[in-house]
Amino acid sequence: MVFKSRIKWIALFVLILSMGSLVVHLSITKSSGVQLAFSARDNLWQDLLGAQDFRNKHLWRPVKSLETLQPYANPRNSYPAPSLKNNGFIYAKIFGGFDKIRSSICDLVTISRLLNATLVIPELQESLRSKGISNKFKSFSYLYDEEQFIAFLKNDVIVTKALPESLKAARKRNEFPLFKPKNSASPKFYLEDVLPKLKKANVIGLIVSDGGCLQSTLPASMPELQRLRCKVAFHALQLRSEIQVLGKKMVDRLRKSGQPFLAYHPGLVREKLAYHGCAELFQDIHSELIQYRRAQMIKQKMISEELNVDSHLRRDNGLCPLMPEEVGILLKALGYSQKAIIYLAGSEMFGGQRVLIPLRAMFPNLVDRTSLCSLEELSDLVGPEIPLPENTFEMPPRKSDKQLKEEWNKAGPRPRPLPPPPDRPIYQHEKEGWYGWLTENDTEPIPSPMDLRNQAHRLLWDALDFVVSVEADGFFPGFNNDGSGWPDFSSLVMGQRLYERPSSRTYRLDRKVIQELFNITREDMYHPNRNWTLRVRKHLNSSLGESGLIRQSMLSKPRSFLSHPLPECSCRTSALDESRQLRSDDGRFLYGGEDECPKWIKSAGVEKSKTDDGDQPDYEHDLLAEQSETEEEFAKSKVASAFDQDEEWDPND
């Protein structure tokens, strides 16, 4: 009996110890979780980014074959300054987002030089004061520095802030000729059709809505006009100082941990997705929104295709963007570690945060402007604005008993068939989003004042992303060279990087080739074999250099000169062998053809290289002895380590 009572006491004692241990463990877990939550909020970059991780250092080294390229947009031949006695004034209205605005302004300056006319600062329709922006800014100054724009172009084109007072009244009465040129308009059109009317009326207006108003490839006799485009895009068009300062702060915060970072722009824009018929790549309401916009574009004769197309076939032909999940798998195949810092660019992310879940699982250090900037910093950038009512969904008014009775009496003779079964109930949370109109109406509502203001804000967010993407150590486009003929954000970033820092790592991949590779392993994308990984690495690494530039010159430059400003706007410190130069059938250079740099650029380049060698970050010092090793050799030697840890590949783990 005594023995049994002792066993009971021992069991009770063990049970108490177990409960106490459990309570202690739970309290430790809770306190550590709270501590982590607060530390992540207060000190993002030390807790989120973790320790420095410089494995796979070859992924950040410059492209050696492009180091001889230098930016050089100065005129090569005689270039007279503009005269005050010219043919008149050109004013313009520009429609579209950040990418269309930037491309259109460059075309307008070029046209003004071609017609020997004075350019009035263009009006950006997305940032008018009527769209609800701060009264602190005018249309153009919402994005760009007006004074810098006017001063930098004084030897190229006369730019004025407004028409003379004597001409403003006539413009309000629509007395001046107005043109709506296409983005493929030729110089001949302006010289033969526009110039005579400009000389006669002294003022003409241009409405630019296609992201440009002058064809990308100009005749060989007009190289100086192409260089003028570069001069405008890469020097005269400076973002206003507040945007530049905040953009530099974002870059500094990204590099605070000492690691390089990669910028990625998904290109998931509703307009482009509808144009190419990529609705089936999405689900639920997003597919409906794409199809609705595509039907509108067919009605407006923007496209001459059927409404329903095979999205998967379009994707296989490279006409749809790479989804974030696919990009994550490509980056893993290249060798980027789980700790790599990836900056997500783009003010519009069609599909929402759901499409980013797989990418964020593979790369937890995926950040955007909201991660880097406080609400106060973003609101200061926007400026003081008049409060507007929030967009709230209002239920339709309930019909009275009298109205219901009248409808019943007017419904027709009896007996009547039974009414159809009720549809699935539409819940309130499904109606409150920006897409809530789909649950009630067949037509998209007119944008509210808050919608218009948010569209203007997107210009600022894109401008910040542009600064970060250009300064990034690497750039990966999700959807460039889409074939629509409109400029896109990724192409403009790639062109700017090619001009300023040609040897920086910018991937110029072929989406059709990538989709062919994905079709091989689509059933098991997270565990591809080694041969597949080597093929992906070979294609992506080759796209950084000569083959990528040739592809850009063939596909992108005919639609957007700013996406590939070579050879007109660059020079080489050492001549390229003629055997490596490549021309198209019409004699245009696809690779090579740059002039030799003047001595002052060569000397500046030597000094810069010495400085860069002295200030090289730690992750570059170890690479000096590895420059002779090719990317493929490195891939073969390291490929085994890329698949040793499968848990980093599967976002569900």
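Computed from a predicted structure; not experimentally measured. (Residues numbered from 1 in each chain as written. Predicted model: local features only at pLDDT ≥ 70, side-chain atom pairs only at ≥ 80, totals over all residues. Heavy atoms only, no water.)

The next thing to look at is the sheet that holds strand β13 (residues 570-572). What holds strands together in a sheet is hydrogen bonding between their backbones, with the strands either parallel or antiparallel. Spatial strand order, β1-β13-β16: 3 strands in an open sheet with mixed pairing. Lying at the two open borders of the sheet, with one neighbouring strand each, are β1 (69-71) and β16 (595-596). Note that β1 and β13 share 3 bridges and pair antiparallel. When the bridges of β13 are listed, Q70 appears paired with C571. (Pairing = 2+ DSSP bridges. Helix = DSSP H or I, 4+ residues; strand = E, 2+ residues; numbered from the N terminus.)

The next thing to look at is the confidence of the model for the chain. The share of residues in the chain with pLDDT of 70 or more is 83%, and the mean pLDDT across the chain is 84. Confidence scores differ between elements of the chain, with helix α24 (residues 618-621) showing the lowest mean pLDDT of 37 and strand β8 (residues 261-265) the highest of 97. Below pLDDT 50 for its whole length, residues 32-54 participates in 30 contacts with residues either more than four positions away or in separate chains. Low confidence marks residues 613-653, where pLDDT is under 50. Its contacts with residues over four positions away, or in another chain, come to 57 contacts. (pLDDT = per-residue confidence, 0-100. Contact = heavy atoms within 4.5 Å.)

The subject of this paragraph is the nonpolar core. Residues I105, L143 and F149 are the most contacted members of the largest nonpolar core, which totals 86 residues. Looking at which element gives the most residues to this core, the answer is helix α18 (residues 449-471), with 10 residues. Split by domain, the residues of this core number at least three in each of domain 1 (89-238) and domain 2 (243-267 + 319-381 + 451-606). Not counting residues within four places of it along the chain, the set of residues in contact with I105 comprises I94, P122, L124, F140, Y144, F149, V232 and L237. (Core = buried A, V, L, I, M, F, W, Y, C linked by side-chain atoms within 4.5 Å. Buried < 20%, exposed > 50% of the residue type's maximum accessible area, 1.4 Å probe, protein only. Domains from an automatic or database assignment.)

Let us now look at the packing of aromatic side chains. By the definition in use, this model includes 15 aromatic pairs. Seen in terms of ring centroids, F234 and Y499 are 4.4 Å apart; in terms of plane orientation they differ by 20°. Their pairing is stacked. Taken together, the residues F234 in helix α7 (residues 223-236) and Y499 in helix α19 (residues 489-500) connect sequence positions 265 residues apart. An angle of 45° between the planes, with centres 5.5 Å apart, marks the rings of F476 and Y507 as tilted. Here F476, found in strand β11 (residues 474-477), pairs with Y507, found in the loop between β12 (505-506) and α20 (511-521); they are 31 residues apart in sequence, far enough to count as distant. (Phe/Tyr/Trp six-rings, centres within 6.5 Å; stacked < 30°, edge-to-face > 60°.)

Next up on the list: the sheet that holds β8. Read across the open sheet, the 5 strands follow the order β10-β9-β8-β11-β12; overall the sheet is parallel. The sheet terminates laterally at β10 (366-367) and β12, the two strands that pair on one side only. In terms of strand pairing, β8 meets strand β9 (residues 341-344) through 4 bridges, oriented parallel. Directly across from L262, in β9, lies its bridge partner I342. Across the sheet, helix α8 (residues 241-254) is in contact with β8, β9 and β10; its angle to β9 comes to roughly 155°. (Axes fitted to C-alpha atoms, helices over the stretch in contact; angles between N-to-C directions.)

Before going further, it helps to spend a moment on the environment of Q552. Secondary-structure assignment places Q552 in helix α22 (residues 546-555). By relative accessible area, which is 2% here, Q552 ends up buried. Leave out the neighbours within four places in its chain, and Q552 touches N480, N481, M494, R508, K557, S563 and H564. Of note is the side chain of Q552, whose polar atom sits 2.6 Å from the side chain of N481. (Polar contact = N/O pair within 3.5 Å; in protein donor to acceptor, adjacent residues only side chain to side chain.)

Turning next to the pattern of salt bridges. Per the counting criterion, the structure on display carries 28 salt bridges. Put simply, R229 and D107 hold a salt bridge, and the shortest N to O gap is 3.1 Å. Taken together, the positions of R229 in helix α7 and D107 in helix α3 (residues 98-115) put the pair 122 residues apart, joining distant regions of the chain. In terms of burial, R229 and D107 fall into one category: buried. Salt bridges linked by common partners bring E146, E147 and K161 together as one network. (Salt bridge = Lys/Arg side-chain N within 4 Å of Asp/Glu carboxyl O.)

For S543, the location among the structural elements is in the loop between α21 (530-542) and α22. Engagement of the side chain of S543 in a polar contact is seen with the backbone oxygen of L540, the distance being 2.6 Å. Apart from residues lying up to four places away in sequence, S543 is in contact with T506, Y507, R508, L509, G548 and R551.

Tallied over the full model, the rule gives 3 disulfides. Between the sulfur atoms of C278 and its disulfide partner C320 the distance amounts to 2.0 Å. Across the S-S bond of C278 and C320 the torsion is about -100°, and the bridge reads as left-handed. Taken as a pair, C278 in the loop between α9 (270-276) and α10 (284-299) and C320 in the loop between α11 (311-316) and α12 (324-334) lie far apart in primary sequence, 42 residues in all. (Disulfide = S-S within 2.5 Å.)

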